[in-house]
Amino acid sequence: MSDKPLVLLTHPLPRAWLGPLSERTRLVVGPADVAGLAPELEPYLAQAEGLLTWLTDRVDAALLDRMPRLRVISNYAVGVDNIDVAACTRRGIPVGHTPGVLTDAVADLTWALLLAVARGIFTAAEDARQGRWGLWSATRWLGADLAGRTLGIVGFGAIGQAVARRARGFDMRVLYTSRTPKPHAEMTLAARRVPLETLLAESDFVSLHVPLTPATRGLIGEAQLRRMKPTAYLVNMARGPVVDTDALVQALRQGWIAGAALDVTDPEPLPPTHPLYHLPNVLITPHIGSATHGTRERMARLAVENLLAGLEGRRLPRVVNPEVYEVHHGR
Ligand code: DGY
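Residues numbered from 1 in each chain as written. Predicted model: local features only at pLDDT ≥ 70, side-chain atom pairs only at ≥ 80, totals over all residues. Heavy atoms only, no water.

Draft legend 1. Representation of the pattern of salt bridges in the model. Here the structure, examined in full by the defined rule, presents 16 salt bridges. The salt bridge involving aspartate 108 is made with arginine 166; its shortest N-O contact spans 2.8 Å. Remark: arginine 166 occurs in helix 6 (residues 158-169) and aspartate 108 occurs in helix 4 (residues 103-118); sequence separation between them is 58 residues. A residue is classified by how much of its surface remains accessible, and arginine 166, at 22% relative accessible area, is partly exposed. Here arginine 140 ties to aspartate 127 by a salt bridge, and the two come within 4.0 Å at their closest N and O atoms. Pair noted here: arginine 140 is in the loop between helix 5 (121-129) and strand 6 (150-154) and aspartate 127 is in helix 5, with a separation of 13 residues, a long-range link. Residue class for arginine 140 comes out partly exposed when judged on its relative accessible area of 34%. Residue classification places aspartate 127 among the buried residues on the basis of a relative accessible area of 12%. Through salt bridges with shared partners, a single network forms among Arg24, Glu312 and Arg314. (Salt bridge = Lys/Arg side-chain N within 4 Å of Asp/Glu carboxyl O. Helix = DSSP H or I, 4+ residues; strand = E, 2+ residues; numbered from the N terminus. Buried < 20%, exposed > 50% of the residue type's maximum accessible area, 1.4 Å probe, protein only.)

Draft legend 2. Here's a closer look at helix 4. Over its 16 residues, helix 4 extends 22 Å from the first C-alpha to the last, a length consistent with the 22 Å expected when each residue adds 1.5 Å. Across the 16 residues of helix 4, 12 count as buried, placing the element largely inside the fold. Buried within helix 4 are the following residues: Thr103, Ala105, Val106, Ala107, Leu109, Thr110, Trp111, Leu113, Leu114, Ala116, Val117 and Ala118. Immediately beyond the C-terminal end of helix 4, within one or two residues, lies glycine 120, with a positive phi of roughly 55 degrees. (Expected span 1.5 Å × (residues − 1).)

Draft legend 3. Representation of the pairing of strand 7 (residues 173-177) in the model. Within strand 7, 4 of the 5 residues are buried, which leaves the element mostly enclosed by the surrounding structure. Bridge analysis of strand 7 against strand 8 (residues 191-193) gives 3 bridges, and the strand direction is parallel. Its bridge partner lying in strand 8, valine 174 is registered against alanine 191. This β-α-β element, strand 7 to helix 7 (residues 183-189) to strand 8, shows right-handed connectivity. (Pairing = 2+ DSSP bridges. Right-handed = clockwise from strand over helix to strand, strands pointing away.)

Draft legend 4. Structural view of the site of the ligand. Lining the immediate environment of the ligand, one finds Leu55, Ala77, Val78, Gly79, Leu102, Arg239, His287, Ser290 and Met299. Within the side chain of histidine 287, one N or O atom sits 2.7 Å away from an oxygen atom of the ligand. With respect to the ligand, the side chain of serine 290 contributes an N or O atom lying 2.6 Å from an oxygen atom. Alone, the ligand offers 230 Å² of accessible surface; in the complex the protein occludes 91% of this. Its residues assigned to classes, the shell around the ligand comprises 5 nonpolar, 3 polar and 1 charged. (Near = heavy atom within 4 Å. Polar contact = N/O pair within 3.5 Å; in protein donor to acceptor, adjacent residues only side chain to side chain. Areas by Shrake-Rupley, 256 points an atom, 1.4 Å probe, with all protein chains shown as cover. Nonpolar A, V, L, I, M, F, W, Y, C, P; charged D, E, K, R; others polar.)

Draft legend 5. How the structure looks around the sheet that holds strand 8. On the basis of which strands lie adjacent, the open sheet formed by 7 strands has the order 8-7-6-9-10-11-12 and parallel pairing. In this open sheet, the two strands that pair with only one neighbour each are strand 8 and strand 12 (282-284). Taking the axes of each pair of neighbouring strands and ignoring which way they run, one obtains an average angle of 15 degrees across the sheet. In the sheet, strand 6 pairs with strand 9 (residues 205-208) via 4 bridges, with the strands oriented parallel. Looking at strand 9, one finds that isoleucine 153 is bridged to serine 207. Strand contacts of helix 4: strand 6, strand 9, strand 10 (233-236), strand 11 (259-262) and strand 12, with the helix running at about 150 degrees to strand 11, the strand carrying the most contacts. Packed onto the sheet, helix 10 (residues 245-253) meets strand 10, strand 11 and strand 12 and runs at close to 140 degrees relative to strand 11. (Axes fitted to C-alpha atoms, helices over the stretch in contact; angles between N-to-C directions. Contact = heavy atoms within 4.5 Å.)

Draft legend 6. Highlighting the pairing of strand 10. Alternating residues of strand 10 divide into Tyr233 and Val235 and Leu234 and Asn236, and every residue in both groups is buried. With 4 bridges joining them, strand 9 and strand 10 adopt parallel strand pairing. Among the inter-strand pairings, leucine 208 is bridged to a residue of strand 10, identified as asparagine 236. Bridge analysis of strand 10 against strand 11 gives 4 bridges, and the strand direction is parallel. Within strand 11, the position partnered with tyrosine 233 by the bridge is glycine 259. A crossover links strand 10 with its parallel partner strand 11, the connecting element being helix 10, and its sense is right-handed.

Structure below.
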């Protein structure tokens, strides 16, 4: 039997993106079409020393209890809301993630969605395709202006700041919320930190970029949607549960806001019969923020670096729970 450590990759990734992973470990790969940890991986849990997860896999204390030899978890995502990080820390298991490498791709898609929903591009394109073009019209397919309008960015980490950087090219005023002030970014991006209530009331576009935590779950509910301008648009690039879906449906039906663009939904995937698909002022994409060839490959390479570092007893290049290195843990 090989002395290489056993690693579970919960779903397949292109081999070329995995670098030295298959040479340095005994790799067991789960199937593509099963959400979460597939039954095929069960027989390997007790022996696995490394686990490479997707954002659709739930890693909780019950799973960790079944993986007594686990030494590192590497999430193929920047968000780690699918992982009980505290439970990992208690067991001394470092958790890696993939920040930085996807910042531009997510910021780009934010703007693609913002522009598409503001200008009704999907409706106009579909009308053209379906033969509903007709004579040029001065009043059909009218959308919203961007120049001089206010963009409110909820969550001013790397992605929120990259969205703000792009807003300068559109001559927009930028407001943001963040737990801590970001004086350098404020100066370079001409962005102003305000309370969430102010941001919601003053913004023409509200773009969400917070991680999903107990504090941000349901952050945008009925009260917050009612605070927004009836001409404003909501863009969600964060995680679906940051927005109360039922309240959003109500807001869009009753015209509390003008429209929404959602790259993430609650639940995911959003079932095809969901009322959100039947509203004309909503654009939904299937969680593709980081979906460019280069970005998804860079994410894989970073996830592999994190995993190998953990297996070799080195500090993970991008670790979510650095405190794991500071305290002594019993299992
Ligand atoms: C993430 O990384 O958290 C995104 O949602 C998927 O790339």
